[in-house]
Amino acid sequence: MNLVLIAEQTLNGLQLGITLFLIAAGLTLVFGIMNLVNLAHGALYMVGAYFCTYFFQQTGSWPLAVVLALAGSMLVGAVTEVVALRTLYERDHLDQVLATFGLILFFNELVAMLWGRAAIFSTVPDYLSGHVQITEQLRYPLYRLVIIGVGLSVALLLWWLVARTRLGMLIRAGASNRTMVAALGINIRLLYTVVFSFGAALAGLAGLLVGPIYSVQPGMGELILIQVFVVIVIGGIGSIRGAFAGALIVGMVDTLGRAFLKPTLATVLSAPAADAAGPALASMLIYLLMAVVLAFRPAGLFPAVR
Amino acid sequence: MNASLRNWVLVGLLLLLAAVPPLAAWLNQPFYLDLLRRVMIFAIAATSLNLILGYGGMVSFGHAAYLGIGAYAVGVLSYYGINNGWLQWGVAIGASALVALAIGAVSVRTSGIYFIMITLAFTQMLYYLGLSIEEYGGDDGMRLASRSQFSGLVDLGDPASFYYVVLAILALFLYLTARLVGSRFGRALQAARTNEARTRAIGLSPYPYRLVAFVISGAMCGLAGALLVNHTAFLTPEFMNWTRSGELMFMVILGGIATASGPLLGAAGLLLLEDLLQGWELLPKAVTEHWQLYLGITLVLVVLFAKRGLAGLIPGRHE
């Protein structure tokens, strides 16, 4: 265990945290404002990854592919909201969970029909591949730094949007009292569709960014979605600030746990015991963390003001 | 028309199920025995979930955990050469109850979306635990060396005998659940679901009732897990996959939430539909190949439009 390795893993944790935040932001907004539990949010992440990979292959231009993929995920989000989710806002959580569970099956299979069940090859443009020499010993992939940079910029943009613009004001108002907002002459249905599509685009952005790092395949959304749920529960459901804090915590704990738990355990336990317990404990770590947080702060670290 | 008609429908269904083995033998279609045994095992699991989800109002998104624990209890004991079924199934029930007590003690305090998420998270924890224990197969799973042995009393290797064991347990659990729901305990549980504030006002604290229901439900589902691993003769962490929890929830909703016959109807409905979409020759290949697409659409439509489920189709009084 040396400093270079720790720095590298910390950056990896940051990159995972940022990715989780991009997905969690939309999910927590949708929950905070529409009171909707959307399991199918991971499908939009998957859609973003597939669109970007496909358009990059077709057009050869990565920026163009990114724009098309963002627009595509936004469109898929809007259509899903209007066709299926709109009627669910007034239903209880059980119905929402089940209906969006059905949507997951639908989207995964649809993607499998269009692009096959196997993982498809996704790549980054040449100018984003390669490594950056950060210090003398630490070389880090440029693309991962790009993800971190894009994610942090989006987080800032999101803060500005929600805290400083008229749309953000409506979003916050809709979260605290939707009837009043509607009574003031705001088209609340349109606002909901806008918020949902916006969240979909953020999830799509996360998907298209990490597509080349993780594998692009049907079901990729669910793998990350459950971690995202841990994020928003730890952060406090409905709170963007909480989602940001929760995402960084989960990203770090998960990455550092996987990297360092086994060697750390090996210093106290025998090597075979550490070999067996290390990976098991590392994959359970974020769920343990969530249970501990909920035991002490049942509404998460940053409960949304309601 | 009243509730007794629905009970008769349920009894009729169980009698029909009892008539299947001779019929299947006569028609030489052992496949149906296998399919319906699976249906009944899942009906037991769904019955246990219905107790807390339907009557208790607790939306547990992690019920597959107990299927897994029951299955692992049998699988692990069998791995060490202990094939005594009484012991295996006893451990399956006991271990599931203990885990349900631990999970319930933390999660029953929360409600709403937090309850959904925390039950999901605990099940994920157990799922990853199962994935990472290489000794018991890890993510590849492990073949069950031998089915549970009941000292010559009944041979689970014989499909029909095993079928009747499952049917008897299902009938017993349906009866026990109905008794439990009608008892003072069950009334208190339902009162807490309907109106927590009033329940407290008349001097009942919902927490212990909910926790006990959660533990009973976990224990019942643990036995379903023990049956399931005997059914498949294969132990895998996939029993605890979160989609399994979702399927169990869907069975309860599809059959009709908080009804006696709902879980059986729901389990039959979902598994037969899955089977039909996957393998019915009359369907075009485009459908059978991508059956999950149609299953997903069906799921959404059922939730949106068929609130009372299949049991709601039986005429009579509805709550």
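If you're wondering where the values come from, they're calculated on a predicted model, not measured in any experiment.

## Focus on the overall build of chain B
For chain B, the count of helices and strands is 14 helices and two strands. Relative to the compact-globule value of 20 Å for 319 residues, chain B shows a C-alpha radius of gyration of 19 Å, a close match. Dimensions of chain B, computed from the C-alpha atoms along their principal axes, are close to 55 × 45 × 40 Å. For chain B, buried positions account for 50% of its 319 residues. Looking at chain B alone, contacts between residues at least 24 apart form 76% of all its contacts between residues at least 6 apart.

## Comments concerning the packing of helix 3 (residues 30-55) of chain B against helix 7 (residues 159-182) of chain B
Residues and elements named next belong to chain B. Here helix 3 crosses helix 7 at 20°, and the two axes come no closer than 10 Å. Considering their axes alone, helix 3 and helix 7 lie roughly parallel with respect to each other. Helix 3 and helix 7 meet at a crossing whose hand is left-handed. In this structure, helix 3 contributes Pro 30, Leu 33, Arg 37, Met 40, Ile 41, Ala 43, Ile 44, Thr 47, Leu 51 and Tyr 55 to the contact, and helix 7 contributes Pro 159, Ala 160, Phe 162, Tyr 163, Val 166, Leu 167, Ile 169, Leu 170, Phe 173, Leu 174, Thr 177 and Val 181. Of the residues contributing to the contact of helix 3 with helix 7, the split by class is 19 nonpolar, two polar and one charged.

## So, the confidence of the model for chain B
Averaged over chain B, the pLDDT score is 88; the fraction of residues at 70 or greater is 97%. Per-element averaging of pLDDT across chain B places helix 13 (residues 285-289) of chain B at the bottom with 75 and helix 10 (residues 206-232) of chain B at the top with 95.

## Quick word on the interface of chain B and chain A
On the chain A side, the residues contacting the 34 residues of chain B number 34 residues. With 14 residues, helix 6 (residues 112-132) of chain B is the single largest residue contributor to the side of chain B that touches chain A.

## Quick notes on the packing of helix 4 (residues 64-79) of chain B against helix 6 of chain B
To describe two helices that pack against each other, one gives the angle between their axes and the distance between the axes. Residue and element names in this part refer to chain B. Where helix 4 meets helix 6, the closest approach of the two axes is 9 Å, and the angle between their N-to-C directions is 30°. Between helix 4 and helix 6, the crossing angle belongs to the class labelled roughly parallel. The handedness of the crossing between helix 4 and helix 6 is left-handed. For the pair helix 4 and helix 6, contact is made by Ala 64, Ala 65, Gly 68 and Tyr 72 and by Phe 122, Thr 123, Leu 126 and Gly 130, respectively. Per-class residue counts for the contact of helix 4 with helix 6 are five nonpolar, three polar and no charged.

## What about helix 12 (residues 262-279) of chain B?
In this model, helix 12 of chain B (18 residues) spans 25 Å end to end at C-alpha, consistent with the 26 Å of a helix rising 1.5 Å per residue. The set of residues buried in helix 12 of chain B consists of Gly 262, Pro 263, Leu 264, Leu 265, Gly 266, Ala 267, Ala 268, Gly 269, Leu 270 and Leu 271 of chain B.

## Quick word on the environment of Ile 237 of chain A
All names here are of chain A. Looking at the secondary structure, you find Ile 237 in the loop between helix 9 (220-235) and helix 10 (240-268). Classification of Ile 237 by C-beta neighbours within 10 Å gives buried; the count is 26. For the pair Ile 237 and Pro 303, spaced 66 residues apart in sequence, the C-alpha to C-alpha distance is 6.8 Å.

## Some remarks on the environment of Gln 149 of chain B
Residues and elements named next belong to chain B. Assignment of secondary structure puts Gln 149 in the loop between strand 1 (142-143) and helix 7. For Gln 149, a count of 19 C-beta atoms within 10 Å corresponds to the partly exposed category. With 61 residues separating them in the primary sequence, Gln 149 and Gln 88 have C-alpha atoms 9.1 Å apart. Ignoring sequence-local partners within four residues, the contact set of Gln 149 consists of Asn 83, Asn 84 and Gly 85.

## A few points about helix 1 (residues 3-34) of chain A
Residue and element names in this part refer to chain A. If you check helix 1, its first and last C-alpha atoms are 45 Å apart, about what 32 residues at 1.5 Å a residue would give, namely 46 Å. Largest kink in helix 1: about 30°, centred on Ala 24. Along helix 1, 23 of the 32 residues are buried, which leaves the element largely enclosed by surrounding structure.

Rules behind the numbers
- Residues numbered from 1 in each chain as written.
- Chains lettered and ligands numbered in written order.
- Predicted model: local features only at pLDDT ≥ 70, side-chain atom pairs only at ≥ 80, totals over all residues.
- Helix = DSSP H or I, 4+ residues; strand = E, 2+ residues; numbered from the N terminus.
- Rg over C-alpha atoms; globule rule 2.2 N^0.38 Å.
- Buried ≥ 20, exposed ≤ 12 C-beta atoms within 10 Å, placed from the backbone.
- Contact = placed C-beta atoms within 7 Å.
- Axes fitted to C-alpha atoms, helices over the stretch in contact; angles between N-to-C directions.
- Parallel < 35°, antiparallel > 145°, perpendicular 65-115°, else oblique.
- Left-handed = near helix turned anticlockwise from the far one by under 90°.
- Nonpolar A, V, L, I, M, F, W, Y, C, P; charged D, E, K, R; others polar.
- pLDDT = per-residue confidence, 0-100.
- Expected span 1.5 Å × (residues − 1).
- Bend = angle between axes of the 7 residues up to and from the residue.

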